[in-house]
Amino acid sequence: MISSGISGPVGQQTSSRSENAASGPAGAIWHAITGVFRYVCGTTTDDVELPVNKGNSIAPLKDLNDREIKDTSLSPLLLPNADGHARSFNEVVRRIKQDKQSQIITKVNTTTTRQLEQIIHCCCNPEQITTEYCSFLQSDDFAYAALRAFREKKISRNEFATLVTLHGIYQEGTQDNSSFKIRHHRLFDNRGKANKDAWDFLASSLQSSNTPDSFPAFDVRGIIHRMTLLLKDKPPVEAGFWIYDWPDLPKEYEGQRTIRRVLADDVGIKFLFGGQGSMMCAPITLRQAFLESFCREEAHEINPVIGISSVEDIRTGSLKRHRDMAIPFPGHPLPKTADHLPAPTIAGFQFHDWYHALRASMLKNSDIDIIIPIGDAINTLKKDVHKEYLDLQKTWQERKENFEKYLSGLSPEKQQQAKENSLEHTNILKMEKKLSTLKHSRIALGQLAFYLHDLETFEPVSNISPYHRDEDLFKFHLSNILFQMNRHSQKPWRKTLSNTDAAIAGHKIIPMIAGNLTFPKLHYKFFCTIIDWQVDNLFPEGLTDKQKQEIKDRSKVFIKPLKTIKKSGW
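Below or above, wherever it landed, is the structure these notes cover.

### What about the packing of aromatic side chains?
To describe a pair of aromatic rings, one takes the distance between the centres and the angle between the planes. Within the structure shown, the criterion is met by 16 aromatic pairs. Pairing Phe290 with Phe294 gives two aromatic rings, centres 5.5 Å apart and planes at 25 degrees, and the pair type is stacked. Of this pair, Phe290 and Phe294 both sit in helix H11 (residues 284-295), separated by 4 residues, roughly a single helical turn. One aromatic cluster is present, built from ring pairs that chain together Phe89, Tyr144, Phe150, Phe160 and Phe329. Across the ring face of Tyr389, the terminal group of Arg442 is positioned such that the distance to the ring centre comes to 4.6 Å.

### Re the layout of surface pockets
Each pocket or cavity is described by its volume, and for the largest pocket that value is around 850 Å³. Contributing to the lining of the largest pocket are 37 residues, with Ile169, Gln171, Glu172, Gly173 and Gln175 lying nearest its centre. Mapped by element, the contributors of at least two residues to the lining of the largest pocket are helix H7 (157-175), strand S2 (240-245) and helix H13 (346-361). If you tally residues by element for the lining of the largest pocket, the top one is H7, at 8 residues.

### Examining the environment of Arg183
For Arg183, the location among the structural elements is in strand S1 (residues 182-186). Once the C-alpha coordinates of Arg183 and Thr131 are considered, the two residues, 52 residues apart in sequence, prove to be 9.1 Å apart.

### Details of the side chain of Ser422
Along the chain, the position of Ser422 falls in the loop between helix H15 (412-421) and helix H16 (423-453). Judged by relative accessible area, Ser422 falls into the buried class, the value being 16%. A polar side-chain atom of Ser422 sits 3.2 Å from the main-chain amide nitrogen of Glu424.

### Considering the environment of Gln115
In this fold, Gln115 is placed in helix H4 (residues 113-124). Residues Gln115 and Ala145, spaced 30 residues apart in sequence, show a C-alpha to C-alpha distance of 6.2 Å.

### Structural notes on unusual backbone geometry
With the exception of glycine, the majority of residues adopt a negative phi angle, and the majority of peptide bonds are in the trans configuration. A positive phi angle, close to 65 degrees, is found at Arg321, a residue other than glycine. Residues other than glycine seldom take positive phi values, yet Leu455 does so here, at roughly 60 degrees. In this fold, Leu455 is placed in the loop between H16 and helix H17 (469-486). Residue classification places Leu455 among the buried positions, given a relative accessible area of 1%.

### Concerning helix H2 (residues 84-93)
In terms of residue burial, H2 counts as a mostly covered element, since 8 of its 10 residues are buried. Within the sequence span of H2, burial applies to His85, Ala86, Ser88, Phe89, Asn90, Glu91, Val92 and Val93. The elements touched by buried residues of H2 are helix H3 (98-109), helix H6 (141-151), H7, strand S5 (301-305) and strand S6 (322-326). The backbone nitrogen of His85 lies 3.3 Å from a side-chain oxygen of the residue at the head of H2, namely Asp83.

### Looking at the state of the cysteines
Evaluated as defined, the whole model comprises 0 disulfides. Considering cysteine sulfurs only, Cys123 is the nearest to Cys124, which forms no disulfide, with 6.7 Å between them.

### A few points about the pattern of salt bridges
With the rule as written, the count across this model stands at 21 salt bridges. Asp376 serves as the salt-bridge partner of Arg315, at 2.9 Å between the closest nitrogen and oxygen. Here Arg315 is found in helix H12 (residues 311-320), whereas its partner Asp376 is found in helix H14 (residues 365-408), with 61 residues between them in sequence. Across the pair, Asp376 and Arg315 agree in class, each one buried.

### So, the packing of H2 against H6
Put simply, H2 and H6 touch, their axes get as near as 10 Å, and they point 150 degrees apart. The angle between H2 and H6 falls in the class roughly antiparallel. Residues His85, Ser88, Phe89, Val92 and Val93 of H2 touch H6, and the partners they reach there are Leu147, Phe150 and Arg151. Residues that form the contact of H2 with H6 fall into these classes: 5 nonpolar, 2 polar and 1 charged.

### Looking at the pairing of strand S4 (residues 278-281)
Of the two faces of S4, the one holding Ser278 and Met280 and the one holding Met279 and Cys281 are both buried throughout. Direction of pairing for S2 relative to S4: antiparallel, over a ladder of 4 bridges. Pairing of Ile243 across the sheet is with Met280, part of S4.

Reading the values: rules and limits
Residues numbered from 1 in each chain as written. Predicted model: local features only at pLDDT ≥ 70, side-chain atom pairs only at ≥ 80, totals over all residues. Heavy atoms only, no water. Phe/Tyr/Trp six-rings, centres within 6.5 Å; stacked < 30°, edge-to-face > 60°. Helix = DSSP H or I, 4+ residues; strand = E, 2+ residues; numbered from the N terminus. Lys NZ or Arg CZ within 6 Å of the ring centre and 35° of its normal. 1 Å grid on protein atoms, 1.4 Å probe; cavity = no way out; pocket = protein on both sides within 12 Å on 5 of 7 lines; lining within 4 Å. Points joined across faces, edges and corners; volume = space filled by probe spheres on them. Buried < 20%, exposed > 50% of the residue type's maximum accessible area, 1.4 Å probe, protein only. Polar contact = N/O pair within 3.5 Å; in protein donor to acceptor, adjacent residues only side chain to side chain. Contact = heavy atoms within 4.5 Å. Disulfide = S-S within 2.5 Å. Salt bridge = Lys/Arg side-chain N within 4 Å of Asp/Glu carboxyl O. Axes fitted to C-alpha atoms, helices over the stretch in contact; angles between N-to-C directions. Parallel < 35°, antiparallel > 145°, perpendicular 65-115°, else oblique. Nonpolar A, V, L, I, M, F, W, Y, C, P; charged D, E, K, R; others polar. Pairing = 2+ DSSP bridges.

Following this line, the structure appears as C-alpha cells:
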C-alpha cells in the first residue's frame, strides 16, 4: 500500500507477507490521519450495537466447522447441528430470514432427481453450463437444485457458491442483452495438463495490480506456480473461470464513482476481476488459492453466505480468520451499494467483499490479535455511552411530560412566560442537548469499533525492526487508529469522535499499544509536530481551516496519555 508516516514505506514482497523491509522515516503521516486513500470499508448501519467479546478465544480457528452456530430447531432450512457438513451448510444459509427459509425449502423439495444429476454434471463439465444447460441456467430451478445438491452433500460449499454466482451473473447479463455471452476456461485439461492460455489470462489479471504506486510489488510467476499446485486436483468447476464482456451500466450510474471503479482505479486492485478487456467470474476455490499463494499463513478463508452479515459476523470472522463473501440467490439479490458507493452489478459488490478478504489476509495474525481487543475496548465505551443515553432519556421524558402537564393548565400567555422563566424548562433543554451529544458519541464510537473489527486498516503490513520492535508496533497501530478516527470527517454519514470521546478512548487504548515504549513523552512531541505539519501542508483539498484544526485537536488529545504513561504491556 502507500507509505505511512508512522509505519514507514512498504517494502518489496519477500517469502512471506510477514517479512517486509524495515520501517522508514516519517513520510506521509497525513494519509493515516485523514484516511483519504483507504476509504473503502465494510458495510454496516451507522447506529448499531456492537457485540462484546464473551469469552471468545483470540486464537484463530481456521476451520469453518468450528464456527458456533445458533440453535436451528426453529429454522426450516437449516440442518441439525450434528456434523461438519451441517455446520458448513448452516453457515451459508443461516442469515436468511425464517419466512424466506420456508419458501426456499419448499422450492428445494420440488427439484427433481434429473436436475440434481444435471448440477453434478455441471460441476464436472463447467464449459457445458452455458451451452447444453443454458435453459436450465436461465431458470431459478438451477439455484434451488444447486442448494439441494449442497444440502445433500452431492456438491461442496464452494461448488454451490460458484454455481449460484454464475447463475446470478448470467441472469443479470441477459436481462437487457439477449446476446450476452459468458465462456468457461479450464486451467487444466482432462489429463491434468495446464492450459497455457487460461493461465496467461489469469496472470494478466494479477499483473494488472502489480504496480508499486498502488499495491506492494509481488512475484506473479511465484504466485501462479503456487496456485497451480493448489488447484491441480480441484473439481473442474473450481479450477477454471468464466469471462464475459464488460457490461454497460444502467443509465442512472453513468459517470458515477462506483465501488468497482474506486477499487480498480484508485486502490489499484484488479485481482481475479478482469483482464485483457474482459470481466471474470472467478470460483471461490480459485480466489482462495490466490489468497493462500499471496498471503501464505495469514490468508483468511473465504466464507460464502446468502444474506447480510451482522456486525457480530464481521467481528467473529476477523477473530477466526474468515471473511464473508455475499453470493446471490433467488429472492436475495445483493445490495446495490457497498461502502456508501454504488454497486450496481453482482460482480461489483463481490469485488468489494473480495477486496476485504484480501486486505484482512494482508495483516499479520499477531496484529489482528491486537486490533480486535482495541475494537472491543472502543465498543465497551460505546456501551457505556448507550447506557448513559438510555438513563438520561428516561429522566428527560418523565420531566418533559410533567412540565407539559403543568403548562397545559395555563393560558397561552402564561405558558410562554413559564418557559422563559422556569429553571425546569432550562434543564429540560440542557438534557435534550446532552442527549444529542450522547447519540453522536454512541454512533461515532460504534463506527470506530466496527471499522477496527472489520480490519479496515490503513497499513496492511507492519514493518517491524527487531531492534525497534515496541516502537514500530506502536507506530503501526497508532497509524491505523488515527486513520479510522479521522476518516471521512467531511462526510455526513460519518460521525467522528469529539475531543472528549477521543481523550477517553486515548486513555484506554494508548496503554494497550504502547508496550515498553522508550521515552513516550518524546513520541508525543514528535507526533504532534508531524500532525501539525502534514495537516497544514499535505492535507487534501475541500476541508475548511476549522475542519483541519478539529482533526489536529482530535489526534493530539488521543495521544496525550503518552505524556504521562510510565509502563504498559501488550
